[in-house]
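So you can see what is in the structure, the chains are spelled out below.
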Amino acid sequence: EHRVLSGMQPSGDSLHLGNYVGALLNWVTMQEKYDAFFFIPDLHGITVPHEPAELRSRTRNTAAQFLAGGIDVERSTLFVQSHVPEHVQLSWILTCITGMGEASRMTQFKDKSAKQGADSAGVGLLTYPMLMAADILLYQPDGVPVGDDQKQHVELARNLAQRFNHRFGETFRVPEPFIPEVGARIYDLQDPTTKMSKSASSPNGRLNILDTDKKLAKKIKSAVTDAGTEIRFDRETKPGISNLLSIYSAVSGKSIDELVEEYQGKMYGHLKVDLADAVVARFGPIRDRALELLEDPAELDALLARGAEKARAIASPLLDDVYAKVGFLPST
Ligand code: ATP
Ligand code: MG
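My aim in this report is to walk through the structure given alongside it, one point at a time. Not measured: the values here are computed from a predicted model.

## Description of the site of ligand 1
And step 1. Neighbouring residues of ligand 1: 15 residues in total, closest His16, Ile186, Lys195, Lys198 and Ser199.
And step 2. Here Lys195 contributes a side-chain N or O atom positioned 2.6 Å from an oxygen atom of ligand 1.
And step 3. Protein chains shield 76% of the accessible area of ligand 1, which is 600 Å² for the free molecule.
And step 4. When its residues are assigned to classes, the shell around ligand 1 shows 5 nonpolar, 7 polar and 3 charged.

Encoded structure:
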């Protein structure tokens with residue numbers, strides 16, 4: 001069975017519709033076909049300044065939403081990165097075979113360190129891609145589903161795998177980035193030319209899984225629309241309506257063409273009311289289930305501990321092999 005691996009940072013208070021359509025829904029499909037590993041990269045979450053209590057609650061929140069959204073721990077392996085120490089252990093070795101220039105050319109490092117000021121940015125921002133390479137290489141996946149923003153990091157993981165194999169002997173499978181059958185890209189409701197994101201400034205621009213029904217409806221009602229009255233899909237001249245149509249299509253399963261047909265001659269307001277119902281119908285049960293899971297953190301933590309155990313069963317022998325190849329003295 002082919003193995004795939006994917007992660008999502010615990011960077012917001014809730015997953016939003018973009019995360020749901022662009023990632024979680026694909027994961028749920030993937031676990032049917034593949035031996036799937038899903039993890040919450042909390043170690044990556046501290047590369048920028050953070051609140052400890054917040055990180056903890058966001059990590060649990062994220063896990064609860066994955067489970068409520070359909071990740072089945074009988075079929076796939078769901079774990080928290082920091083529970084599997086092999087990630088950090090391997091990342092050190094990979095860091096030592098990465099060139100300084102190679103690391104500093106990563107565009108995310110350049111962007112994020114520029115934001116924080118090059119001198120005060122943590123070194124973790126620089127070494128983050130080596131940790132990500134470790135995340136991938138430990139599990140020898142056949143594919144790594146990634147978006148555009150992560151392609152460069154997977155490329156680095158490939159280079160490091162080849163370099164290690166060349167220097168120390170065949171060890172890692174060279175990972176293939178695999179472009180998942182993407183769900184639509186979802187845009188901000190208040191600014192439909194930028195993507196919906198956890199870190200966007202306006203909370204009204206994103207539809208969160210954990211939002212109340214009322215809040216979801218309100219955000220959709222106040223979504224920015226476009227000049228004119230016609231409901232059709234045109235990203236250029238009608239970014240607002242096009243985004244609402246994408247969202248509607250994603251949560252209802254109807255095609256954009258079907259929806260355009262259905263709303264011919266109707267007003268923006270109609271579309272918004274029906275869309276709100278559709279989003280609430282989709283998110284409501286997931287939110288309720290997630291909140292239920294969060295009421296029993298011990299049970300949730302136990303599920304994650306079992307996931308970590310499954311992950312370590314794969315990661316630990318691989319790391320032993322790496323340690324031996326590098327020349328570390330066996331500890332037993
Ligand atoms: P941040 O603002 O912290 O970067 P984010 O909202 O962009 O958060 P990520 O954690 O970067 O979320 O991404 C998690 C997953 O969700 C990725 O697979 C990413 O491709 C997907 N994703 C994020 N935003 C969208 C979006 N607007 N439309 C479709 N997919 C998205
Ligand atoms: Mg992002």
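## Notes on the packing of aromatic side chains
And step 1. Evaluated as defined, the whole model comprises 10 aromatic pairs.
And step 2. Ring centres 4.6 Å apart and planes at 10 degrees place the aromatic pair Trp27 and Phe38 in the stacked group. Here Phe38 lies in strand 2 (residues 35-40) and Trp27 lies in helix 1 (residues 17-33), a separation of 11 residues in the sequence. No difference in accessibility class separates Trp27 from Phe38, as the two residues are buried.
And step 3. Ring geometry for Trp27 versus Phe66: centroids 4.9 Å apart, planes at 65 degrees, classification edge-to-face. Note that Trp27 is positioned in helix 1 and Phe66 in helix 2 (residues 52-68), a separation of 39 residues in sequence.

## Side note on the environment of Lys266
And step 1. Along the chain, Lys266 falls in the loop between helix 10 (256-262) and helix 11 (268-294).
And step 2. Judged by relative accessible area, Lys266 falls into the partly exposed class, the value being 37%.
And step 3. Counting along the chain gives 35 residues from Lys266 to Ile231, while the straight-line C-alpha distance between them is 7.5 Å.
And step 4. In this structure, Lys266 is in contact with Thr229 and Ile231, ignoring residues within four places of it in sequence.

Cut-offs and rules
- Numbering of residues starts from 1 in each chain and follows the order in which that chain's sequence is written.
- Labels are handed out in written order, letters beginning with A for the chains and numbers beginning with 1 for the ligands.
- Per-residue local features are limited, in this predicted model, to residues with pLDDT of at least 70; the limit for side-chain atom pairs, both in listing and counting, is 80 or more; totals at the level of whole chains, interfaces and linings are taken over all residues.
- The side-chain quantities take in all heavy atoms of the structure and omit both hydrogens and water.
- Residues are labelled near a given molecule or strand when at least one of their non-hydrogen atoms is within 4 Å of it.
- Polar contacts here mean pairs of N or O atoms no more than 3.5 Å apart (in protein, one a potential hydrogen donor and the other a potential acceptor; neighbouring residues in sequence count only if both atoms are side-chain atoms).
- Surface accessibility in these figures is a Shrake-Rupley result with a 1.4 Å probe; residues are shielded only by whichever protein chains are displayed.
- Classification convention: Asp, Glu, Lys, Arg as charged; Ala, Val, Leu, Ile, Met, Phe, Trp, Tyr, Cys, Pro as nonpolar; all other residues, Gly among them, as polar.
- Between rings of Phe, Tyr and Trp, where Trp is taken as its six-membered ring, a pair exists when centres lie within 6.5 Å; planes separated by under 30 degrees are stacked, by over 60 edge-to-face, and by other angles tilted.
- The way it works is that DSSP assigns letters per residue, a run of H or I at least four long becomes a helix, a run of E at least two long becomes a strand, and they are numbered from the N terminus.
- Each residue gets one of three labels from its accessible area relative to the maximum for its type: buried under 20%, exposed over 50%, partly exposed in between, using a 1.4 Å probe on protein chains only.
- Any pair of residues with heavy atoms lying within 4.5 Å of one another is described as a contacting pair.

Shape is all these values report; function is a separate question.
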